[in-house]
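For reference, the chains in residue letters:
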Amino acid sequence: MLIGDRKQQSYEPRIVAFLCNWCAYAGADLAGTQRLSYPPNVRVIRLMCSGRVDPGFIIEAFLEGADGVIVAGCHPGECHYEHGNRLAERRMTTLQHLLGFIGIEQARVRLAWVSAAEGRKFAQLIETTVEEVRALGPFQQFPRRAP
Amino acid sequence: MNNRVGVFICHCGKNIARTVDVEALRKEAAGLPGVEWAEDDMYLCSDPGQQLIRERIAEQNLDAVVVAACSPTLHTTTFRRAVESAGVNPFRLEIANIREQCSWVHPGTAETTHKAAALVRSGVEKARRTQPLEPIHVGLQRAVVVIGGGVAGIQAALDIAEAGYPVHLVEQGPNLGGRMAQLSETFPTLDCSSCILTPKMVEVSHHPLVTIHTLAEVTDVEGSIGNFQVRIRQQPRYVIAEGCTGCGDCVPACPQVVPGEFDRGLGARKAIYIPFPQAVPFTYTLDREHCLNQGPLIICDRCAQACEPRAIDFDQQPSEELVEAGAIVLATGCDTLPLSHFREYGHDRHPDVIDGLMFERLLSASGPTHGEIRRPSDHRVPKSIAFVQCAGSRDPERGKAYCSQICCMYTAKHALLYHHAVPDGKVYIFYIDIRAGGKGYEEFVERVRAEDGINYIRGKVAKLIPKDGKLEVWGVDTLLGEQVKVEVDLVVLATALVPSQGIQELARVARVAIDGDGFLSEAHPKLRPVESQTRGIYLAGTAQGPRDISATVAHAAGAASKVLGLFSHDELVEEPTIARVNEALCRGCSFCVSVCPYDAISLHEGTAHVNETLCRGCGACTPACFAAALGPRGFEDDQILAQIRALAC
Ligand code: FES
């Protein structure tokens, strides 16, 4: 089997995570430095700030086959760029309202604050998200794009 | 698109290779679209590892590189240098984090290798879409505007001027000196405040590189780090500085007597005046607000008649000057909470309730009583004084939640100086705790406490009741659990330090942040205490928060050294990873303008324009743009979408 093929037999949720460089990504690194363990279902895209996350990215991730999406940034008031995470929060709240219309369960999209010191919180975030998305089953509402 | 990508996979000893099948990963990578070469190595960050990358770039004619190794926070610079030295633009390097975020957190199963492959694929997809970027070089104006002419501003100005750079020192009042000039003696050494400040004022005023603007305000700040344009508005002094010899002949001629601000209303001055004898510049000021000549009509010219050098000019007008500066230091100092704030202590009803700064004026040899402590109501020497510490400090309900840092110390000093002057006088000091954290401070307080006749009473004062020319102080002694009632001649409140007036307006103009208490916010409370949150603008002294003189001077010196660090470069070299506007697509809706945390975007003729020194590349503007007309270099939409495709499937 080629690496990159999804196993069809047993469902393993695929989670795409957008992490801000300064807090959430550093928290994910810390989880590694502390040798914590969490499920390998998550794939990280590093951005400078959670304020960079376009709600369109999240839809795109589902179109491309993701079963869940995480957006994580610095805690409120601690964004490296003053208020990027507040913008992210606003955009995500709006998106959450729209998700139902386009057939995506709200629980598949999660916004979280993870500081650079919160390796454990990051690991737990992945763990609970993977479990919840696993319980929801594979995301199949959108037709798969031809590769 | 770059189609000659090289992928280099690091084993990191066994750190990666233990759980990731590096060989399978390499094979997978080699087959990815756009990948020309894939190779693995034991330690890519080592010299031989970097050499390997350089050689392959040359041999295989690679145009972009993906390094699959540890977190990009660790070795981005290392690998950027390596690829750059082999001729690949450093911004065409991508790092796939397969250690911290893969091999270290997952077990040695196929899924882990699978994830590593996805991360490499994502890196390759991004690397294929990277553009060569060049650092942005910006010119640097090596001059500084220091706002505030107290000890902080003077210190910063002197340090910077001594290093050879021009300084504009802007002071709102008629003279330099700030709060420190008002003080009598300083704790814990009891040095005379003027004696240590005056030489500094003189030095800064004579420094060939320092231009002093008194009676001046900064009304506008444009530009950004390295290139600010600062507008200084000069109020008229009505006395020609070059003409005034400081003889003071005008003063007896002036018929108008007004309370002196410098003496906190305890003394009087004329409408033409100099606030204190050591004032710098030593130039008289005509206070037109209190002058008989209101408006253009001159009905009294007695000062002008008395002025031999003919230095008085009733027609002076405000003027403005635009100054170019690479950096700005904000040293605007502090005020104290006004006595009118303390209704329960009744200053409005009793003149013998004063604040610490008024007591400083009573102690000062050049003060309204020439250093004799006399109470305001009847000018008698008080035989007893109650000092009330934490008046408004550490009182979140009725005042400020914070500690004002200096009151414990100056109250101890006041008690001691009073005790020296009136040895049989009685002192009661009401306090919550004694905070004496500086060098020699605790020893000083202990010395004061040991004096006979100085009583420290732990507890708060509830109210003050005037009674037969005295003040009855009602309070509690929380150590004894008893009510206390003492009769005193004078009450001195150690009022909380608060930000100086006008700081909000200045903060708005200079686009720096202020904290919940109204002080200027530092960029980081621990690691960047002298930088504001706006690059190129630095903070000095109590404008940032309460502190004593030594801490103020240290803070100011820190701000100056930051400025000098900035000026040690010929030009500013800025990261190129900032937002770029596609002018053909921009529709001028200005949504990006409103979300930018740095005011870095402005509209020019209906098209967004990014200020390259203000933009920090966070990307908040990009999702706000409906026309997809702008994005941060290095994190563009097409790159991220390609990563999503690589990772989601
Ligand atoms: S930098 Fe972390 S959310 Fe903005």
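Here, the structure is the one placed above.
Conventions we followed
- Residues numbered from 1 in each chain as written.
- Chains lettered and ligands numbered in written order.
- Predicted model: local features only at pLDDT ≥ 70, side-chain atom pairs only at ≥ 80, totals over all residues.
- Heavy atoms only, no water.
- Helix = DSSP H or I, 4+ residues; strand = E, 2+ residues; numbered from the N terminus.
- Rg over C-alpha atoms; globule rule 2.2 N^0.38 Å.
- Buried < 20%, exposed > 50% of the residue type's maximum accessible area, 1.4 Å probe, protein only.
- Contact = heavy atoms within 4.5 Å.
- Areas by Shrake-Rupley, 256 points an atom, 1.4 Å probe, with all protein chains shown as cover.
- Lys, Arg positive; Asp, Glu negative; His and termini not counted.
- Charge placed at Lys NZ, Arg CZ, Asp CG, Glu CD.
- Buried area = accessible area lost by both parts, 1.4 Å probe.
- Salt bridge = Lys/Arg side-chain N within 4 Å of Asp/Glu carboxyl O.
- Polar contact = N/O pair within 3.5 Å; in protein donor to acceptor, adjacent residues only side chain to side chain.
- Nonpolar A, V, L, I, M, F, W, Y, C, P; charged D, E, K, R; others polar.
- Axes fitted to C-alpha atoms, helices over the stretch in contact; angles between N-to-C directions.
- Parallel < 35°, antiparallel > 145°, perpendicular 65-115°, else oblique.
- Left-handed = near helix turned anticlockwise from the far one by under 90°.
- Phe/Tyr/Trp six-rings, centres within 6.5 Å; stacked < 30°, edge-to-face > 60°.
- Lys NZ or Arg CZ within 6 Å of the ring centre and 35° of its normal.
- Core = buried A, V, L, I, M, F, W, Y, C linked by side-chain atoms within 4.5 Å.
- Pairing = 2+ DSSP bridges.

A separate point is the overall build of chain A. The secondary structure content of chain A amounts to four helices and four strands. Reading chain A from its N end, one meets helices and strands in the order β-α-β-α-β-α-β-α. A compact globule built from 147 residues would reach a C-alpha radius of gyration of about 15 Å, and chain A, at 15 Å, matches this within 12%. Counting only C-alpha atoms and orienting by the principal axes, one finds that chain A spans roughly 40 × 35 × 25 Å.

Helix and strand counts for chain B come out as 18 helices and 36 strands. Against the globule reference of 26 Å for 649 residues, chain B gives a C-alpha radius of gyration of 33 Å, more extended than a compact globule. If you line up chain B on its principal axes, its C-alpha atoms span 95 × 65 × 40 Å. Looking at chain B residue by residue over its 649 residues, the buried ones come to 57%. A fraction of 69% describes how many contacts in chain B between residues 6 or more apart in sequence connect residues 24 or more apart. Split by element, the accessible area of chain B, about 26800 Å² in all, is 50% carbon and sulfur. In chain B, the 62 positive side-chain charges and the 79 negative ones have mean positions that sit 4 Å from each other.

Moving on, we come to the interface of chain B and chain A. Contacts between chain B and chain A engage 45 residues on the former and 44 residues on the latter. Taken together, the two surfaces of chain B and chain A that pack against each other cover about 4100 Å², and 59% of this comes from carbon and sulfur. The tally of links between chain B and chain A comes to two salt bridges. The closest approach of N and O atoms between Asp637(B) and Arg52(A), which form a salt bridge, is 2.7 Å. Between the two partners, chain B and chain A, sit 13 residue pairs in polar contact (both at pLDDT 80 or more). Residue composition of the side of chain B that touches chain A, grouped by class: 23 nonpolar, 13 polar and nine charged.

Turning our eyes to something else, we now look at the pattern of salt bridges. Residues and elements named next belong to chain B. Following the criterion strictly, the structure yields 41 salt bridges over all chains and no others. As a salt-bridge pair, Arg 233 and Glu 320 come within 3.7 Å of each other at their nearest N and O atoms. Placement of Arg 233 in strand β12 (residues 227-234) and of Glu 320 in strand β17 (residues 319-325) is noted, with a sequence separation of 87 residues between them. Residue Arg 394 is joined to Asp 433 by a salt bridge in which the shortest nitrogen-to-oxygen separation is 2.5 Å. Residue Arg 394 is found in the loop between β21 (384-391) and α12 (407-421), and its partner Asp 433 is found in the loop between β22 (426-431) and α13 (441-449); the two are separated by 39 residues along the sequence. The partly exposed category is assigned to Asp 433, whose relative accessible area is 23%. Each of Asp 352, Arg 375, Asp 378 and Arg 380 takes part in salt bridges that share partners, so that together they form one network.

Okay, the packing of helix α6 (residues 151-162) of chain B against helix α8 (residues 193-206) of chain B next. Two measures define how a pair of helices packs: the angle their axes make with one another and the distance between the axes. Residue and element names in this part refer to chain B. Following both chains from N to C, one finds α6 and α8 inclined at 50°, their axes separated by 10 Å at the closest point. When the axis of α6 is compared with that of α8, the two are oblique. Handedness of the α6/α8 crossing: left-handed. In this structure, α6 contributes Val 151, Ile 154, Gln 155, Ala 157 and Leu 158 to the contact, and α8 contributes Leu 197, Lys 200, Met 201, Glu 203 and Val 204. Split into classes, the residues belonging to the contact of α6 with α8 amount to seven nonpolar, one polar and two charged.

Counted by the stated rule, this structure contains twelve aromatic pairs over all chains. Between Phe342(B) and Tyr345(B), the ring centres sit 6.0 Å apart and the planes meet at 15°, which makes this aromatic pair stacked. Overall, the relative accessible area of 4% leaves Phe342(B) in the buried class. Residue classification places Tyr345(B) among the buried residues on the basis of a relative accessible area of 6%. For the pair Phe591(B) and Phe626(B), a centre-to-centre distance of 5.5 Å together with 80° between the ring planes defines the contact as edge-to-face. In this pair, Phe591(B) is assigned in helix α16 (residues 591-595) and Phe626(B) in the loop between α17 (621-624) and β36 (630-632), connecting sequence segments 35 residues apart. Judged by its relative accessible area of 39%, Phe591(B) is partly exposed. Under the relative-accessibility criterion, Phe626(B) is labelled exposed at 64%. When the ring centre of Tyr25(A) is taken as reference, the NZ or CZ atom of Arg46(A) above it lies at 5.9 Å.

Quick look at the nonpolar core now. By size, the foremost hydrophobic cluster in this structure holds 150 residues, and its most contacted members are Phe18(A), Ile58(A), Ile98(B) and Val329(B). When neighbours within four sequence positions are excluded, Val329(B) is seen to be in contact with Val144(B), Val145(B), Val146(B), Ile147(B), Ala156(B), Ile160(B), Tyr538(B), Ala540(B), Ala559(B) and Val563(B).

As a further point, take the sheet that holds β12(B). Residue and element names in this part refer to chain B. What the three strands build is an open sheet, ordered β11-β12-β17; its pairing is antiparallel. Single-partner strands in this sheet number two, and they are β11 (216-224) and β17. Here the strands of the sheet are splayed against their neighbours by 20° on average, with no regard to which way each runs.

Residues and elements named next belong to chain B. Cis geometry marks the peptide bond from Phe 187 to Pro 188; its omega dihedral reads -10°. Relative to the helices and strands, Pro 188 resides in the loop between β8 (185-186) and β9 (191-192). Val 280 connects to Pro 281 through a cis peptide bond whose omega is -5°. The residue Pro 281 is located in the loop between β15 (272-273) and β16 (285-286) in this model. Positive phi is not limited to glycine here, since Cys 12 has a value of about 50°. Position of Cys 12 among the secondary structure elements: in the loop between β1 (5-10) and α1 (22-30). You can call Cys 12 buried: its relative accessible area is 12%. Even without being a glycine, Arg 394 presents a positive backbone phi close to 50°.

Our focus in this paragraph is the environment of Lys121(A). Residues and elements named next belong to chain A. Tracing the chain through its elements places Lys 121 in helix α4 (residues 119-136). In contact with Lys 121, other than residues within four places in its own chain, are His 75 and Trp 113. At 2.6 Å, the side chain of Lys 121 and the backbone oxygen of Trp 113 are in polar contact.

None of the figures reported here should be taken as evidence of function without further support.
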